[in-house]
Amino acid sequence: YRVTAQDGASTLASGDHPWAVATPSDRRRGKPHRVLTTREMIGNLRAHHNHRYELPLHSNPVRFPHREIPMDAYALGLLLGDGCLTGSTTPEFSTNDPELAWELQVRLPGVDVRPRGGPGYALNKVTSPGDVITVANPVTAVARELGLNGTRSESKFVPDLYLHNSVKVRLAVLQGLLDTDGGPVTQRDRTCRIQYTTTSLQLRDDVIFLVRSLGGIAYHRTRTAAGRAPHLSRGHLVHHRHDAQIVDIRLPEGIEPFRLTRKRELYNAQGGGRPMRFIESIEPAAQAEAVCIAVAAADSLYTTEDFLLTHNTLNDSFIILDEAQNTTAEQMKMFLTRLGFGSRVVVTGDVTQVDLPSGQVS
């Protein structure tokens with residue numbers, strides 16, 4: 001079955017796969033997660049139009065090994081947001097926040113961030129008398145190394161070197177992206193969510209990856225370019241050429257999404273709320289071999305696709321398998337491999353009452 005959460009995260013699971021979930025009643029009463037199989041939840045995902053089953057989220061950001069990077073992660077996030085890396089001109093940065101231009105100045109060695117009037121800044125290579133003029137601009141050199149040289153707003157992406165890196169690196173890239181193309185969204189009597197906008201499908205997916213890897217959730221939707229009113233730039237109407245990808249984000253407490261002062265203060269004043277993930281749908285997907293996974297985790301949870309947390313074995317449980325004569329060897333093996341530490345099982349059945357299809361051995 002394809003199990004999909006309300007934020008679009010999904011994974012494949014067998015009908016007998018166990019999930020740790022919490023109902024609204026469990027939350028109110030402070031009860032621990034209950035364990036239900038995929039099949040047990042089918043057709044029972046809503047209660048009075050509300051989601052019934054809430055999935056656990058990571059209590060800490062996912063950890064990847066640290067890898068050396070050629071450019072400061074926050075600076076890269078800023079350039080992916082408001083930088084010009086087309087390669088046809090000197091790299092540029094556009095912002096109405098001098099604070100961000102200063103951040104680039106201190107984080108890009110060998111680069112002079114020079115105002116060009118209005119919101120534009122040129123990222124010039126620092127030169128000295130006698131320097132070889134054919135040496136590339138440091139920003140351009142790193143952009144080439146990372147495959148970003150020649151990208152435009154609709155084709156930018158976060159390099160894998162930064163996606164699969166330490167928590168510090170991933171958070172810094174996300175902060176740079178949100179300080180440029182994101183912001184806090186406030187609503188009366190509600191906590192503050194974060195909204196990010198890009199025209200790049202890949203950059204949208206990369207931001208979602210970063211958010212989920214840090215323990216948050218992200219929803220996305222598309223605002224089509226067709227029919228949108230043009231905006232005014234320097235006295236000229238500029239029409240939208242690409243669809244806008246909108247990402248709504250919730251991050252857990254302790255993860256600071258902004259470094260830009262005005263955005264950080266507004267976000268902290270409103271509070272970011274609690275990210276929540278619910279099961280939205282369970283749909284048949286395919287027939288395939290399934291493998292049971294056991295990990296050395298006290299709560300028996302492990303991370304699968306889209307950073308979904310799912311259950312693996314049943315620890316400290318008492319389990320009854322009735323009518324066991326109607327299991328095949330493969331089904332019995334799957335059942336037995338669900339047993340975790342401290343669990344006991346009772347298997348009952350009558351070998352004279354086998355109802356398996358012809359050709360299948362009990």
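Rules and cut-offs
Numbering of residues begins from 1 in every chain and follows the order in which that chain's sequence is written. Residue-level local features of this predicted model are given only where pLDDT is at least 70; pairs of side-chain atoms are given and counted only at 80 or more, and the full residue set underlies all totals for whole chains, interfaces and linings. Excluding hydrogens and water, the side-chain figures rest on all heavy atoms present in the structure. Each residue's exposure class comes from its accessible area (1.4 Å probe, protein chains only) as a fraction of the maximum for that residue type: buried when under 20%, exposed when over 50%, partly exposed otherwise. Starting at the N terminus, helices and strands are each numbered in turn, a helix being any DSSP run of H or I of at least four residues and a strand any DSSP run of E of at least two. What the arc covers is the set of directions going from the helix axis to the C-beta atoms. Contacts are residue-level and defined by heavy atoms, with any inter-residue pair within 4.5 Å sufficient. Confidence scores labelled pLDDT are given residue by residue by the predictor and lie between 0 and 100. Distance thresholds for patches are 9 Å for like charges and 5 Å for nonpolar side chains (Val, Leu, Ile, Met, Phe, Trp, Tyr), applied to residues having over 30% relative accessible area and no salt bridge. Calculation of accessible area relied on Shrake-Rupley with a 1.4 Å probe; when residues are assessed, cover is drawn exclusively from the protein chains displayed. One side-chain nitrogen of Lys or Arg within 4 Å of one carboxyl oxygen of Asp or Glu is enough to make a salt bridge. Asp and Glu count as negative and Lys and Arg as positive, but His and the ends of the chain are not part of the count. To locate a charge, take atom NZ for lysine, CZ for arginine, CG for aspartate or CD for glutamate. Two N or O atoms form a polar contact when they lie within 3.5 Å of each other; inside protein one atom must be a possible hydrogen donor and the other a possible acceptor, and for residues adjacent in sequence the pair counts only when both atoms belong to side chains. The axes used here are C-alpha line fits, helices contributing only the stretch in contact, and every angle between their N-to-C directions lies in the interval 0 to 180 degrees. Crossings are assigned a handedness: left-handed for a near helix turned anticlockwise from the far helix by less than a right angle, right-handed for a clockwise turn. For this classification, the nonpolar set comprises Ala, Val, Leu, Ile, Met, Phe, Trp, Tyr, Cys and Pro, the charged set comprises Asp, Glu, Lys and Arg, and every other residue, Gly included, is treated as polar. The aromatic pairing rule takes the rings of Phe, Tyr and Trp, using the six-membered ring of Trp, and pairs them if the centres are within 6.5 Å, calling planes under 30 degrees apart stacked, those over 60 edge-to-face and the rest tilted.

With that out of the way, let us pick up helix α4 (residues 98-107). Inspection of α4 places Leu100, Ala101, Glu103 and Leu104 among the buried residues, and these make up the whole buried set. Each buried residue of α4 lies within a common arc of 155 degrees when the element is viewed along its axis, so the set occupies one face. Opposite the packed face of α4, turned more than 90 degrees from it, sit the exposed residues Pro98 and Trp102. Against α3 (73-82), β9 (92-94), β10 (111-115), β11 (120-125) and α7 (167-181) lie the buried residues of α4.

We now examine the confidence of the model for the protein chain. The share of residues in the protein chain with pLDDT of 70 or more is 98%, and the mean pLDDT across the chain is 90. Mean pLDDT per element in the protein chain: strand β15 (residues 231-233) is the minimum at 73, and α7 is the maximum at 98.

Together, Val291, Ile293 and Val295 line one region of the surface with nonpolar side chains, adding up to about 260 Å² of accessible area. Accessibility expressed as a relative area gives 38% for Ile293, which makes it partly exposed.

Further remarks concern a negative patch on the surface. Taken together, the side chains of Asp322, Glu323, Asp350 and Asp355 define an acidic patch exposed on the protein surface. Residue Asp322 is classed as partly exposed on the basis of its relative accessible area of 49%.

The final tally for this structure, using the stated rule, is 17 salt bridges. Through salt bridges with shared partners, a single ionic network connects Asp7, Arg212, Arg277 and Asp306.

Even without being a glycine, His49 presents a positive backbone phi close to 75 degrees. Inspection of the secondary structure assignment puts His49 in the loop between β5 (46-47) and β6 (50-51). In this structure His49 comes out as exposed when scored by relative accessible area, which is 73%. Even without being glycine, Phe307 reaches a positive phi, approximately 60 degrees.

α3 sits mainly inside the fold: 9 of its 10 residues count as buried. Buried residues of α3: Ala73, Tyr74, Ala75, Leu76, Gly77, Leu78, Leu79, Leu80 and Gly81, and no others. A side-chain oxygen of the first residue of α3 lies 3.0 Å from the backbone nitrogen of Tyr74; this N-cap is Asp72.

Taken N-terminus to C-terminus, the directions of α3 and α7 make an angle of 35 degrees; their axes are 7 Å apart at the nearest point. The handedness of the crossing between α3 and α7 is right-handed. Counted together, Ala73, Tyr74, Gly77, Leu78, Leu80, Gly81 and Asp82 of α3 and Val169, Ala172, Val173, Gln175, Gly176, Leu177, Asp179, Thr180 and Asp181 of α7 form the full contact between these two elements. Class assignment of the residues belonging to the contact of α3 with α7 gives a composition of 8 nonpolar, 5 polar and 3 charged.

Here the focus is the packing of aromatic side chains. Here the structure, examined in full by the defined rule, presents 3 aromatic pairs. With a centroid separation of 5.1 Å and 70 degrees between ring planes, the pair formed by Phe209 and Phe307 is classed as edge-to-face. With a gap of 98 residues between them, Phe209 in helix α8 (residues 201-213) and Phe307 in the loop between β19 (301-303) and β20 (309-311) connect regions that are remote in the sequence. On the accessibility criterion, Phe209 (21% relative accessible area) is partly exposed.

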